[in-house]
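# Structural description and commentary
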Protein chains: 2
Amino acid sequence: MSQPSYDVVPIGRVESPLTDKAAAPKQGREGSPEAWLVFEPAILEGLDGIAAGDEVILLTWLDRADRDVLRVHPRDDVNNPMRGVFGTRSADRPNPIGLHPIQIIEIDGNRVRVRDLEALDGTPIIDVKPVI
Amino acid sequence: MSQPSYDVVPIGRVESPLTDKAAAPKQGREGSPEAWLVFEPAILEGLDGIAAGDEVILLTWLDRADRDVLRVHPRDDVNNPMRGVFGTRSADRPNPIGLHPIQIIEIDGNRVRVRDLEALDGTPIIDVKPVI
C-alpha cells in the first residue's frame, strides 16, 4: 500500500491464565477468567481517575494474529459463510486491534485486575477508553 | 519504554468537510457532517458483507494528536478538573486511536458514505468492526 504507517507503542501487557489461542473464549463474556493488566510505570499518570468498579474499553494489539487475512468463516465455524473481516470480530485482520469491554475489579499500583477479558497472556495493551 | 512497537498500516482515509481541529465536534453525534471513507483497493475484500444501513465502529489513527499528553481537562474545558487521558476521549494520548460509532449510508466501490463522523479530513482509517 502507498500509505505511510504509524508506530503503536504498548502501554502495558495482559497477564492471564489464557495461553492457547485455539482454546481461548472468542469474546470476553463467554467464560473468560480474571486477568491482570500490568501497565508501564511511565504512563500511570494517564490512569488517574479510573477506579475499581469502572467499566472501560481496553484496546490491545493482538500480536498472534495473521495480518494478511481479509475473509474468514465467522467464529471459525466452517458452517458460517465466508465474509470480510471488517464485518466480524476476527483477530486476523490487517491491523489486529482488540476492543474489550471489561470491568475493573482492583487497582494495585501499576497492576489492574479485570473481569471478562479473553486476551491471551502477554498481549500488548495499547489504550484504555471510557465505554462508548 | 522497553516495549517493542508495532506498525499500524492505514487501510484508507477520511474525506470530510472538517479540517480545523479546534472547531470540529468532539463526538460524532454532536453535529458532525456526513463524510466519505475512501478505502485502499487492496483491502476491499475485507468489507464484503457490509451494507448501507449498517452501524459499525470505525477505528482511526488521530494523526494530529499529541502523543506525549497523559492528563487533560476533559472536553478542553478548564473548569473540568484535570484527569488521566485513559478515562477520557481525548485525542491526545500515547496511541491516538479514535473509536467512532457510525452509520453507513451508501457504498460506491471503495468509497463509503457515513453519518456522524467527527474525524478530520485526511484522518487515516485503521479498522472497521461490528458494534460492541
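Placed above this text is the structure.
Description of the structure in this document. (Residues numbered from 1 in each chain as written. Chains lettered and ligands numbered in written order. Predicted model: local features only at pLDDT ≥ 70, side-chain atom pairs only at ≥ 80, totals over all residues. Heavy atoms only, no water.)

### Some points on the overall build of chain A
Put simply, the rule reads: To qualify as a helix, a DSSP run of H or I must reach at least 4 residues; to qualify as a strand, a run of E must reach at least 2; elements of each kind are numbered from the N terminus. Partly exposed residues are those whose accessible area sits between 20% and 50% of the maximum for their type, while under 20% is buried and over 50% is exposed, using a 1.4 Å probe and protein chains only. Note that accessible areas follow from Shrake-Rupley with a 1.4 Å probe, and for residues the cover is restricted to the protein chains shown. When charges are counted, Lys and Arg contribute as positive and Asp and Glu as negative, whereas His and the chain ends are disregarded. By convention, the charge on Lys lies at NZ, on Arg at CZ, on Asp at CG and on Glu at CD.
Tallying secondary structure elements over chain A gives zero helices and nine strands in all. Along chain A, helices and strands appear, N-terminal first, in the series β-β-β-β-β-β-β-β-β. Seen along its three principal axes, the alpha-carbon backbone of chain A occupies a region of about 45 × 40 × 25 Å. The burial tally for chain A puts 48% of its 132 residues in the buried class. Accessible surface for chain A amounts to roughly 5,900 Å². Of this, 49% is attributable to carbon and sulfur atoms. Computed over 15 positive and 22 negative side-chain charges, the separation of the two mean positions in chain A equals 6 Å.

### What to know about the pattern of salt bridges
To keep it simple, the criterion reads: Salt bridges are counted wherever a side-chain nitrogen of Lys or Arg sits within 4 Å of a carboxyl oxygen of Asp or Glu.
Per the stated rule, a full pass over the model turns up 18 salt bridges over all chains. In this structure, the salt-bridge partner of A:Asp127 is A:Lys129, at a minimum N-O distance of 3.1 Å. The residues A:Asp127 and A:Lys129 share a single accessibility class, namely buried. For B:Arg64, the salt bridge is made with B:Asp63, and the minimal N-O distance between the two is 3.2 Å. Taking relative accessible area as the criterion, B:Arg64 reaches 38% and is therefore assigned partly exposed.

### Notes on the sheet that holds strand E9 (residues 124–130) of chain A
Cut-off, in case you're wondering: Here the rule is simple: two strands pair whenever DSSP picks up at least two bridges between them. Lines fitted to C-alpha atoms define the axes, with helix axes restricted to the stretch in contact, and inter-axis angles between N-to-C directions lie between 0 and 180 degrees.
Reading around the barrel, the six strands line up as E2-E3-E8-E7-E4-E9 (chain A) and close back on themselves, with antiparallel pairing between neighbours. Each strand of the sheet is rotated relative to its neighbour by a mean of 45 degrees, with strand direction disregarded.

### Focus on the relation of the copies chain B and chain A
Here is the rule we go by: The copies are overlaid by a least-squares fit using only the C-alpha atoms of residues whose pLDDT is at least 70 in both copies. Contact criterion: two residues are considered in contact whenever any of their non-hydrogen atoms come within 4.5 Å of each other.
Take chain B, turn it by 180 degrees, move it 0.0 Å along the axis, and it overlays chain A with an RMSD of 0.0 Å. Put plainly, the chains are arranged around a two-fold axis. Taking C-alpha positions as the reference, the residue of chain B nearest the rotation axis is B:Asp7, at 2.5 Å. Both copies present the same face, since 100% of the interface residues in chain B are matched by interface residues at the equivalent positions in chain A.

### Some remarks on the pairing of strand E2 (residues 12–15) of chain B
Residues and elements named next belong to chain B. Burial along E2 is one-sided: the residues Gly 12 and Val 14 are buried and none of Arg 13 and Glu 15 is. Pairing geometry for E2 and strand E3 (residues 35–39), over four bridges, is antiparallel. Each bridged residue has a counterpart across the sheet, and for Glu 15 the counterpart in E3 is Trp 36. In terms of strand pairing, E2 meets strand E9 (residues 124–130) through two bridges, oriented antiparallel. Each residue of the ladder has a partner; that of Arg 13, found in E9, is Pro 124.

### Concerning the interface of chain B and chain A
Accessible area lost upon the coming together of the parts serves often as the stated size of an interface. Where we set the bar: Here a polar contact means two N or O atoms within 3.5 Å. Within protein one must be a hydrogen donor candidate and the other an acceptor candidate, and residues neighboring in sequence count only if both atoms are side-chain atoms. Throughout, the ten residues Ala, Val, Leu, Ile, Met, Phe, Trp, Tyr, Cys and Pro are labelled nonpolar, Asp, Glu, Lys and Arg are labelled charged, and all others, Gly among them, are labelled polar.
In this complex, chain B contributes 51 residues to the contact, which on the side of chain A involves 51 residues. Between B:Arg71 and A:Glu45 there is a salt bridge; the shortest N-O distance is 3.6 Å. Our enumeration of links across chain B and chain A arrives at 30 residue pairs in polar contact (both at pLDDT 80 or more). Those elements that place two or more of their residues in the side of chain B that touches chain A are strand E1 (6–8), E2, strand E4 (55–61), strand E6 (83–84), strand E7 (97–108) and E9 of chain B. The element best represented in the side of chain B that touches chain A is E9(B), accounting for six residues. Its residues assigned to classes, the side of chain B that touches chain A shows 28 nonpolar, 10 polar and 13 charged.

### Topic: the packing of aromatic side chains
Stated precisely, the cut-off is as follows: Only Phe, Tyr and Trp rings are paired, with Trp represented by its six-membered ring, and only when their centres lie within 6.5 Å; those with planes under 30 degrees apart are stacked, over 60 edge-to-face, the remainder tilted.
Evaluated as defined, the whole model comprises two aromatic pairs over all chains. The interplanar angle of 25 degrees and the centroid separation of 5.6 Å between the aromatic rings of A:Tyr6 and B:Trp61 together place this pair among those described as stacked. Of this pair, A:Tyr6 sits in strand E1 (residues 6–8) while B:Trp61 is found in strand E4, placing the two residues in two different chains. The burial state of A:Tyr6 is the same as that of B:Trp61; both residues are buried.

### With respect to the sheet that holds E3(B)
The strand order around the closed barrel formed by six strands is E2-E3-E8-E7-E4-E9 (chain B), and the pairing between neighbours is antiparallel. Here the strands of the sheet are splayed against their neighbours by 45 degrees on average, with no regard to which way each runs.

### Things to note about the environment of A:Gly98
Residue and element names in this part refer to chain A. Here Gly 98 lies in strand E7 (residues 97–108). Looking at Gly 98, the relative accessible area reads 5%, which means it is buried. Measuring from C-alpha to C-alpha, the distance between Gly 98 and Ile 126 comes to 9.4 Å, with 28 residues separating the pair along the chain. In contact with Gly 98, not counting residues within four places along its chain, are Leu 58, Leu 59, Thr 60 and Leu 62.

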